[in-house]
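Residue-level listing of the chains:
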Amino acid sequence: MDSRERVAQFDQVVTPHLARAYNLARLLVGNVADAEDLVQEASLRAFRGLDGFHGGDAKTWLLVIVRNVCYSFLGSRRRTDNLVEFEEEQHSATTTAATPESAVLHNADAATVRRAIEELPPEFREALILREMEELSYRQIAEITSVPVGTVMSRLSRARSLLRQRLAGQQTGKGA
């Protein structure tokens, strides 16, 4: 494949998903400048790896690359030894169609919500971002994060619970 064909393939496969890639990077690393650099690095890796992409879900493929680049960056900057282990039975509550957190998120100040999301532990934050902001399926999230679908579901449940608690605490603090 010549360079012109390669650029055309990149434009078709990767470019449509760069905004989502940036959103994920920004929320994972918590810094605009780092997120921009990491998306650029991920884009370069995607460009180099185009021969390995044989169709399928390009968005998921790119987000896997972005996630890996972000966690490599975070790992080199500070070790992420504080990951929380999940107990599947504890976090497997039933889900409802209209969730309380979606109502709070809808009505809350965007900056407050963003801060609350950024305070979540990395694995919860990642699951929440991929599901609620990037609108990926549980299966796609499981593929990106290399964990079983059940773990994705429990992480989402825990993330939503923590987010709900943080936002409720902030609203209570404002009214007092």
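The structure this text deals with has already been given above.
Since the structure is predicted, the reported quantities are computational estimates derived from the model, not experimental observations.

Visitor: What exactly am I supposed to notice about the overall build of the protein chain here?
Guide: A count of helices and strands for the protein chain gives 9 helices and 0 strands. Each helix and strand of the protein chain, ordered N terminal to C terminal, gives the series α-α-α-α-α-α-α-α-α. Within the protein chain, the fraction of its 176 residues that count as buried is 42%. Counting every atom, the protein chain has about 10000 Å² of accessible surface; 50% of that belongs to carbon and sulfur.

Visitor: Sorry if this is basic, but what is going on with the side chain of Arg-67 here?
Guide: Residue position: Arg-67 is located in helix α4 (residues 58–77). For Arg-67, a relative accessible area of 14% puts it in the buried group. With near-sequence residues (within four places) excluded, Arg-67 lies in contact with Leu-24, Leu-28, Glu-126, Ile-144 and Thr-145.

Visitor: Even after reading the chapter, I still don't get the packing of helix α2 (residues 18–29) against helix α7 (residues 122–133), so can you show me in this structure?
Guide: A pair of packed helices is characterised by two quantities: the angle between their axes and the separation of those axes. Between α2 and α7, whose axes approach to 10 Å, the crossing angle comes to 150°. With respect to each other, α2 and α7 are oriented roughly antiparallel. Here the hand of the crossing between α2 and α7 comes out right-handed. Note on element contacts: α7 touches α2 through Arg-125, Glu-126, Ile-129, Leu-130 and Met-133, opposite Leu-24, Leu-27 and Leu-28. When its residues are assigned to classes, the contact of α2 with α7 shows 6 nonpolar, no polar and 2 charged.

Visitor: Could you clarify how one ought to interpret the pattern of salt bridges in this entry?
Guide: Any two side chains of opposite charge can pair, so long as their charged atoms come close to each other. Inspection of every chain in the model, using the stated rule, returns 7 salt bridges. Residue Glu-134 is joined to Arg-20 by a salt bridge in which the shortest nitrogen-to-oxygen separation is 3.2 Å. Taken together, the positions of Glu-134 in the loop between α7 and α8 (138–145) and Arg-20 in helix α2 put the pair 114 residues apart, joining distant regions of the chain. The class of Arg-20 is partly exposed, set by a relative accessible area of 26%. The residue Glu-119 makes a salt bridge to Arg-166 at a minimum N-O spacing of 4.0 Å. Highlighted residues: Glu-119 in the loop between α6 (110–118) and α7 and Arg-166 in helix α9 (residues 149–175), separated in sequence by 47 residues.

Visitor: How should helix α3 (residues 32–48) be read in this particular structure?
Guide: Each turn of an α-helix holds 3.6 residues, which means side chains three or four residues apart point in the same direction. For α3, which comprises 17 residues, the first-to-last C-alpha distance of 24 Å matches the rise-based estimate of 24 Å (1.5 Å per residue) to within 8%. By the burial criterion, the buried members of α3 are Asp-34, Ala-35, Leu-38, Val-39, Ala-42, Ser-43 and Ala-46. Residues of α3 that are buried in the fold lie against α1 (3–13), α2 and α4.

About the criteria used
- Residues numbered from 1 in each chain as written.
- Predicted model: local features only at pLDDT ≥ 70, side-chain atom pairs only at ≥ 80, totals over all residues.
- Heavy atoms only, no water.
- Helix = DSSP H or I, 4+ residues; strand = E, 2+ residues; numbered from the N terminus.
- Buried < 20%, exposed > 50% of the residue type's maximum accessible area, 1.4 Å probe, protein only.
- Areas by Shrake-Rupley, 256 points an atom, 1.4 Å probe, with all protein chains shown as cover.
- Contact = heavy atoms within 4.5 Å.
- Axes fitted to C-alpha atoms, helices over the stretch in contact; angles between N-to-C directions.
- Parallel < 35°, antiparallel > 145°, perpendicular 65-115°, else oblique.
- Left-handed = near helix turned anticlockwise from the far one by under 90°.
- Nonpolar A, V, L, I, M, F, W, Y, C, P; charged D, E, K, R; others polar.
- Salt bridge = Lys/Arg side-chain N within 4 Å of Asp/Glu carboxyl O.
- Expected span 1.5 Å × (residues − 1).

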